[in-house]
Amino acid sequence: MQMFDAEKIREDFPVLEREVNGKDLVYLDNTATSQKPRQVMDAISEFYEKHNANIHRGVHALSQEASEMFDKGRENVADFIWCLPEELIFTRGTTESINLVAYSWALHNLKEGDEIIISKMEHHSNIIPWHLISKLTGANVKAVEMGNDFSMSMESLESLISSRTKIVAVTHFSNVLGTVTPAKDICKLARDYDAVSVIDGAQSAPHLPINVKGMGCDFFAFSAHKMLGPTGIGGLYGKVELLEEMPPFNGGGGMIADVSFDHSTYAKPPEKFEAGTPNIAGVAGFSAAVDYLKKVGMENVHEHEKVLNRIVIKRLNGMEKVKLYGPENVDKRGAVYSFNAEGMNPHDVAVLLDQEGIAVRSGHHCAQPLMKELGIEGTARASPYLYNTEEEVKTFLDILEEIVSKL
Ligand code: C6P
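(A) Just the pairing of strand β5 (residues 115-119), in detail. For β5, the buried fraction is high: five of the five residues fall into the buried class. Covered by surrounding structure in β5 are E115, I117 and S119 together with I116 and I118, the residues of both alternating faces. Relative to strand β6 (residues 140-144), β5 is paired through five bridges, and the arrangement is parallel. Bridging from a neighbouring strand, E115 pairs with N140 of β6. With helix α5 (residues 128-137) bridging β5 and the parallel β6, this β-α-β connection has right-handed handedness. As defined by bridge partners, β5 adjoins strand β7 (residues 165-171) across three bridges and the pair is classed as parallel.

Set out below in structure tokens:
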């Protein structure tokens, strides 16, 4: 294992040198989106400065260079999650990846009375596509309960799953609770019932080592912008045999084998699912982000976040007027801390923290059903990443304590 040094890592992130409201910025809104290192910005600039051309459409040198960069980018991102390049589709992000599975696989395989299992801790991106498909097919959506410790209840999943279940679509890492779910066991159970597993990896890919083959999932969705990459680009892993049988999601250039006026045949995956000019510069940035994370080591990122978990969870639990929503066990959770201060609106907490230069998110975090389940309107949410230091999270905790002490 390499030595992990958050201070050194920070030097690559120019925005972290900023001041906000006259205070040093403490950026703790990484669950919404991460900051970008110089290496990612350089890769995007270099593409535009030296190689900009459309891909797989020209014999000229620039097009060849751009195509090679794009193809290598796919290999690199695929390697990061342990799949083959042909099993990785570039999408706009997790939301589009899940919609692709819904409109391509689910729409063509589900019928009235079939069941789609999600969980009570899902982000809207892993709820609404299934509602839409349920309206079109007559399939029903059911939700797995949470355990008392904010875990995903395997007992509940076992009681819901049946021969009617065609899809089990759940998060690997809750963006509200920080819960890391037993994805491997969930996928195994889905397989036992011949159901397709869809794992929402929007929050796990940035924070945990991912091996989709080891996990045994059928689909895995993730976004570059939460893992140091640019916005507007992400990935969908799909088992090759499923991708081969699925119809295209969009039609257009770049995804065809042969086209005539009344008929078209399609390219093999992944091109079959990538109609139109892709986000080429985005892939340059995504690949550079993956290079960065590989160099740091995902085990190191995870270990660093466990250290932060220990500090934050102990202090938040010790604050009388603060309630933390999420597992206490640092081994069963990631570094996302959703909390409320007694009698305070979470937005007011976020505004007071912002006045001290601390960026946190507040609200329902695109998880309204979970909020209803918890009996609250929303929370404030702090979420560190590899460049946040122990001192920064202590500053956040000190200031929160001060705010709460004035209540
Ligand atoms: N959650 C948050 O602040 P996109 O927007 O497609 O990159 O990712 C959607 C998404 C899907 N699943 C989970 C678990 C997520 O956390 C997110 C994005 C952000 O919590 C923005 S709402």
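(B) The side chain of N126, seen in detail. With respect to the helices, strands and loops of the structure, N126 is situated in the loop between β5 and α5. For N126, a relative accessible area of 0% translates into the label buried. One polar contact links N126 to W130, side chain to side chain, over a distance of 2.8 Å. The residues touching N126, leaving out its near neighbours within four places in the chain, are I98, I118, A169, V170, T171 and D200.

(C) The arrangement of the packing of helix α2 (residues 38-51) against helix α11 (residues 280-296) in detail. Where α2 meets α11, the axes come as close as 8 Å, and the angle between the chain directions of the two elements is 145°. Judged by the twist between their axes, the crossing of α2 over α11 is right-handed. Between α2 and α11, the residues in contact are Q39, V40, A43, I44, F47 and Y48 and I280, A281, A284, G285, A288, A289 and Y292, respectively. Its residues placed into classes, the contact of α2 with α11 shows eleven nonpolar, two polar and no charged.

Reading the values: rules and limits
- Residues numbered from 1 in each chain as written.
- Predicted model: local features only at pLDDT ≥ 70, side-chain atom pairs only at ≥ 80, totals over all residues.
- Heavy atoms only, no water.
- Buried < 20%, exposed > 50% of the residue type's maximum accessible area, 1.4 Å probe, protein only.
- Helix = DSSP H or I, 4+ residues; strand = E, 2+ residues; numbered from the N terminus.
- Pairing = 2+ DSSP bridges.
- Right-handed = clockwise from strand over helix to strand, strands pointing away.
- Polar contact = N/O pair within 3.5 Å; in protein donor to acceptor, adjacent residues only side chain to side chain.
- Contact = heavy atoms within 4.5 Å.
- Axes fitted to C-alpha atoms, helices over the stretch in contact; angles between N-to-C directions.
- Left-handed = near helix turned anticlockwise from the far one by under 90°.
- Nonpolar A, V, L, I, M, F, W, Y, C, P; charged D, E, K, R; others polar.

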